[in-house]
Amino acid sequence: MARINSPLKPFKADAFHNGKFITVTDADVKGKWSVFFFYPADFTFVCPTELEDLADNYAAFQKLGVEIYSVSTDKHFTHKAWHDTSPAISKIKYVMIGDPTGHLARNFDVLIEEAGLADRGTFLIDPEGKIQYIEITAGGVGRSASELLGKIEAAQYVASHPGEVCPAKWKEGGATLTPSLDLVGKI
């Protein structure tokens, strides 16, 4: 099962990116912060609202040094067709991975086997290739790019400031905590 600090498993997948078909592997992901954003299917209802939200905030993710990989069990050809026909999806500049065999969705434990579709799963991968954040929601519950950006900022802060932790509602520049015996029972 995909868990916090578990390593990214090996994969190779076809994708659609900036008008071209490309191949993406686990080696491409290592060395930078990445988000794997699983969704059930192209040409649906909640999915394009989530993907458009990511597209609208893509510059903010890039500013943090984060690459986005959206993933569904559709083929990369379907991603291109959707990108070419949907006003919301045509905004996407990040990589759209096709996972028709469900290999990648199985790697992250989000494949709904009987349906052949992925759950709505979000995974933040650090530069060492380890999972640092997981969010899985029910099919009818969309996710928010701005909330994800806050989680990424906190994860990056903690990674670069050993010994410090980010409290609830933490925002960049806000106070952090340094766990110690002196702090026990004082919060």
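The rules behind these values
- Residues numbered from 1 in each chain as written.
- Predicted model: local features only at pLDDT ≥ 70, side-chain atom pairs only at ≥ 80, totals over all residues.
- Heavy atoms only, no water.
- Helix = DSSP H or I, 4+ residues; strand = E, 2+ residues; numbered from the N terminus.
- Rg over C-alpha atoms; globule rule 2.2 N^0.38 Å.
- Buried < 20%, exposed > 50% of the residue type's maximum accessible area, 1.4 Å probe, protein only.
- UniProt positions renumbered as here; feature names shortened; annotations may be inferred.
- Contact = heavy atoms within 4.5 Å.
- Pairing = 2+ DSSP bridges.
- Core = buried A, V, L, I, M, F, W, Y, C linked by side-chain atoms within 4.5 Å.
- Salt bridge = Lys/Arg side-chain N within 4 Å of Asp/Glu carboxyl O.
- Axes fitted to C-alpha atoms, helices over the stretch in contact; angles between N-to-C directions.
- Expected span 1.5 Å × (residues − 1).

Some points on the overall build of the chain
Argument step 1. Along the chain, the regular secondary structure elements total 6 helices and 9 strands.
Argument step 2. Relative to the 2.2 N^0.38 estimate, which gives 16 Å for 187 residues, the radius of gyration of the chain is 17 Å and therefore close to what a compact globule would have.
Argument step 3. Seen along its three principal axes, the alpha-carbon backbone of the chain occupies a region of about 55 × 30 × 30 Å.
Argument step 4. Counting all 187 residues of the chain, 42% fall into the buried class.

Describing the UniProt feature "active site" (unreviewed entry) in the chain
Argument step 1. Taken from the UniProt record, the annotation "active site" (unreviewed entry) applies to Cys 47.
Argument step 2. When you line up the elements, Cys 47 lands in helix 2 (residues 46-56).
Argument step 3. By relative accessible area, which is 2% here, Cys 47 ends up buried.
Argument step 4. Setting aside residues up to four positions removed in sequence, Cys 47 forms contacts with Tyr 39, Pro 40, Ala 41, Trp 82 and Arg 120.

Side note on the environment of Gly 139
Argument step 1. Tracing the backbone through its elements, the reader meets Gly 139 in the loop between strand 9 (131-137) and helix 6 (145-160).
Argument step 2. The partly exposed category is assigned to Gly 139, whose relative accessible area is 46%.
Argument step 3. Sequence separation between Gly 139 and Ala 27 is 112 residues; the distance between their C-alpha atoms is 30 Å.
Argument step 4. Here Gly 139 is in contact with Val 46 and Arg 120, once residues within four sequence places are set aside.

Some words on the pairing of strand 3 (residues 33-38)
Argument step 1. In terms of burial, strand 3 is a largely internal element, 6 of the 6 residues being buried.
Argument step 2. A two-sided burial pattern is seen for strand 3, the buried positions comprising Trp 33, Val 35 and Phe 37 on one face and Ser 34, Phe 36 and Phe 38 on the other.
Argument step 3. The pairing of strand 3 with strand 4 (residues 66-72) spans 6 bridges and is parallel. Residue Phe 36 lies in a different strand from strand 4, and its bridge partner there is Tyr 69.
Argument step 4. Summarising the sheet, strand 3 and strand 8 (residues 120-125) pair through 5 bridges and their orientation is antiparallel. Bridge pairing links Phe 36 to Phe 123 in strand 8.

A closer look at the nonpolar core
Argument step 1. Counting residues in hydrophobic clusters, the biggest one holds 25 residues, and the most contacted among them are Val 35, Leu 51, Leu 54, Phe 61 and Tyr 94.
Argument step 2. Of all the secondary structure elements, the ones that give two or more residues to this core are strand 3, helix 2, helix 3 (58-63), strand 4 and helix 6.
Argument step 3. Here this core takes 5 residues from helix 6, the largest share from any one element.
Argument step 4. One finds Val 24, Phe 108, Val 110 and Ile 131 within the second-largest nonpolar core, a separate group that totals 22 residues.

Focus: the pattern of salt bridges
Argument step 1. Taken as a whole and assessed by the stated rule, the structure comprises 6 salt bridges.
Argument step 2. The closest approach of N and O atoms between Glu 113 and Arg 106, which form a salt bridge, is 2.9 Å.
Argument step 3. A residue is classified by how much of its surface remains accessible, and Glu 113, at 48% relative accessible area, is partly exposed.
Argument step 4. Each of Glu 50, Arg 120 and Arg 143 takes part in one network of salt bridges that share partners.

Observations concerning the sheet that holds strand 4
Argument step 1. Taken in spatial order, the 7 strands of this open sheet run 2-1-5-4-3-8-9, and their pairing is mixed. Sheet topology places strand 2 (20-25) and strand 9 at the edges, where each strand pairs with a single neighbour. Ignoring strand direction, the axes of neighbouring strands in this sheet form an average angle of 25°.
Argument step 2. Its contacts with the sheet put helix 6 on strand 3, strand 4, strand 8 and strand 9, and the angle it makes with strand 3 is roughly 145°.

So, the pairing of strand 2
Argument step 1. One ladder, built from 6 bridges, connects strand 1 (residues 12-17) with strand 2; its direction is antiparallel. When the sheet's bridge partners are listed, His 17 is paired in strand 2 with Lys 20.
Argument step 2. Hairpin connection, strand 1 to strand 2: the antiparallel pair is bridged by 2 residues, and Asn 18 has positive phi, about 50°.

Some points on helix 6
Argument step 1. In a regular helix each residue adds 1.5 Å, so 16 residues correspond to 22 Å; helix 6 covers 22 Å between its end C-alpha atoms and thus fits that length.
Argument step 2. Along helix 6, the positions that sit buried rather than exposed are Ala 145, Leu 148, Leu 149, Ile 152, Ala 154, Ala 155 and Gln 156.

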